[in-house]
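For reference, the chains in residue letters:
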Amino acid sequence: MSAYAIGSLQPAAVLHDEVLEYMERVQDTLAPFGGRFLVHGAPALEVREGRWETALVIIGFPSMDHARRWYDSDAYQALLPLRTRHMRGDVILVDGVAPGYEAAATAARLRAAQSARTTPTGQETPVPPMPQ
């Protein structure tokens, strides 16, 4: 199943030279792990709900293992400070959904789990994680 590295980054009005160097070199760290940019900065941004004040980056990988190995690789870890010294942001790794995924089926499973959360004694049990 595909996985994604998603960054919500807060670039300065003028990018530091190290950030530009990071951008020039990051592609070479992705290639060995099958990573490719799907969104890089979202220049054609159209905000439909709420506020959006960050640059969005989405990188696709063949699997979560590939994404983790890329992020943890010596090549990427050596490059990472060029960005993090000059730009705040959040980065997550997340699994994609399986082919044929349907949100309605997930809602049905969550409804069933939620109704089963309360035991006969009235105590709540933890909600299970979102199924893929």
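Let me begin by describing the structure that accompanies this report.

## A word on the overall build of the protein chain
What the protein chain contains, in helices and strands, is four helices and four strands. In the protein chain, buried positions account for 24% of the 132 residues. The contacts in the protein chain between residues at least 6 apart in sequence include a share of 72% that link residues at least 24 apart. Here the protein chain has roughly 9,100 Å² of accessible surface; of this, 54% comes from carbon and sulfur atoms.

## Quick word on the pattern of salt bridges
What the rule picks out here adds up to five salt bridges. As a salt-bridge pair, Arg-48 and Glu-46 come within 2.4 Å of each other at their nearest N and O atoms. Assigned by exposure class, Arg-48 and Glu-46 land together as exposed.

## Comments concerning the sheet that holds strand β2 (residues 36–40)
The sheet built from four strands is open, its strands ordered β2-β3-β1-β4 with antiparallel pairing. The sheet is open, and its two borders are formed by β2 and β4 (88–95), each paired with just one other strand. Strand after strand, the sheet turns through a mean of 15° between neighbouring axes, direction not considered. Pairing of strand β1 (residues 3–10) with β4, which is carried by eight bridges, proceeds in the antiparallel orientation. Directly across from Ser-8, in β4, lies its bridge partner Asp-90. Of the strands in this sheet, β2 and β3 (55–61) are in contact with helix α1 (residues 17–30), which crosses β2 at around 140°. Lying over the sheet, helix α2 (residues 64–72) contacts β1, β3 and β4, oriented at roughly 150° with respect to β4.

## Considering the nonpolar core
Core analysis: the largest hydrophobic core is formed by 19 residues, its most contacted members being Tyr-22, Ile-59, Phe-61, Trp-70 and Tyr-76. Broken down by secondary-structure element, the contributors of at least two residues to this core are β1, α1, β3, α2 and α3 (74–84). The contact partners of Ile-59, leaving out residues within four places of it in the chain, are Ala-3, Tyr-4, Ala-5, Leu-30, Gly-35, Arg-36, Phe-37, Leu-38 and Trp-70.

## What to know about α1
In an α-helix, one full turn covers 3.6 residues, which means residues spaced three or four apart are oriented alike. Between its terminal C-alpha atoms α1 stretches 21 Å, which fits the 20 Å expected from 14 residues at 1.5 Å a residue. At Glu-24, α1 shows its maximal bend, which comes to roughly 35°. Buried residues of α1: Val-19, Tyr-22, Val-26, Thr-29 and Leu-30, and no others.

## Some details on the packing of α2 against α3
Each pair of packed helices gets described by two things: the angle between the helix axes and the distance between those axes. Packing of α2 against α3 leaves a shortest axis separation of 5 Å and a crossing angle of 55°. Taken together, the axes of α2 and α3 are oblique relative to one another. Of the residues in α3, those in contact with Trp-70, Tyr-71 and Asp-72 of α2 are Asp-74, Tyr-76, Gln-77 and Leu-80. Split by residue class, the contact of α2 with α3 holds four nonpolar, one polar and two charged.

## Observations concerning the side chain of Ser-63
Relative to the assigned elements, Ser-63 resides in the loop between β3 and α2. Judged by its relative accessible area of 18%, Ser-63 falls in the buried class. There is a polar contact of 2.6 Å between the side chain of Ser-63 and the side chain of His-66. Setting aside residues no more than four positions away along its own chain, Ser-63 makes contact with Met-1, Ser-2 and Ala-3.

Cut-offs used in this document
- Residues numbered from 1 in each chain as written.
- Predicted model: local features only at pLDDT ≥ 70, side-chain atom pairs only at ≥ 80, totals over all residues.
- Heavy atoms only, no water.
- Helix = DSSP H or I, 4+ residues; strand = E, 2+ residues; numbered from the N terminus.
- Buried < 20%, exposed > 50% of the residue type's maximum accessible area, 1.4 Å probe, protein only.
- Contact = heavy atoms within 4.5 Å.
- Areas by Shrake-Rupley, 256 points an atom, 1.4 Å probe, with all protein chains shown as cover.
- Salt bridge = Lys/Arg side-chain N within 4 Å of Asp/Glu carboxyl O.
- Pairing = 2+ DSSP bridges.
- Axes fitted to C-alpha atoms, helices over the stretch in contact; angles between N-to-C directions.
- Core = buried A, V, L, I, M, F, W, Y, C linked by side-chain atoms within 4.5 Å.
- Expected span 1.5 Å × (residues − 1).
- Bend = angle between axes of the 7 residues up to and from the residue.
- Parallel < 35°, antiparallel > 145°, perpendicular 65-115°, else oblique.
- Nonpolar A, V, L, I, M, F, W, Y, C, P; charged D, E, K, R; others polar.
- Polar contact = N/O pair within 3.5 Å; in protein donor to acceptor, adjacent residues only side chain to side chain.

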